[in-house]
Amino acid sequence: MVEKITDVFNGKVFYPAEPVALPINTRVRISIEILPPSEHETVSFLQTARSLNLEGPPDWSANIDKYLYSK
């Protein structure tokens, strides 16, 4: 199977520009093609956060102080 995805490299890690449907620990082979600057898409914070698939309590934003500072 061959699938092309666009990633952003932050100096250490490649971050996909959109979610990738692969099982965890799937081995892949990556070929790198550097895109011209005009083709680079700006990656928003929300796109990055969504791509991480983080899980947390549904009231996390409303009770952030409770989760950060409660013992």
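To be clear, the structure that these remarks concern was listed above.
Residues numbered from 1 in each chain as written. Predicted model: local features only at pLDDT ≥ 70, side-chain atom pairs only at ≥ 80, totals over all residues. Heavy atoms only, no water.

Notes on the environment of Q47
No. 1: Relative to the helices and strands, Q47 resides in helix α1 (residues 45-51).
No. 2: In this structure, the C-alpha to C-alpha distance between Q47 and P16, residues 31 residues apart in sequence, is 9.5 Å.
No. 3: Ignoring any residue separated from it by four or fewer positions in sequence, one finds Q47 in contact with A17 and T42.
No. 4: Of the polar contacts made by the side chain of Q47, one reaches the backbone nitrogen of S44; its length is 3.0 Å. (Helix = DSSP H or I, 4+ residues; strand = E, 2+ residues; numbered from the N terminus. Contact = heavy atoms within 4.5 Å. Polar contact = N/O pair within 3.5 Å; in protein donor to acceptor, adjacent residues only side chain to side chain.)

A short note on the environment of F14
No. 1: Mapped onto the elements of the fold, F14 is located in strand β2 (residues 14-16).
No. 2: Taking the relative accessible area as the measure of exposure, F14 reaches 39% and is therefore partly exposed.
No. 3: Discounting chain neighbours no more than four positions away, the residues touching F14 are D7, V8, F9 and I32. (Buried < 20%, exposed > 50% of the residue type's maximum accessible area, 1.4 Å probe, protein only.)

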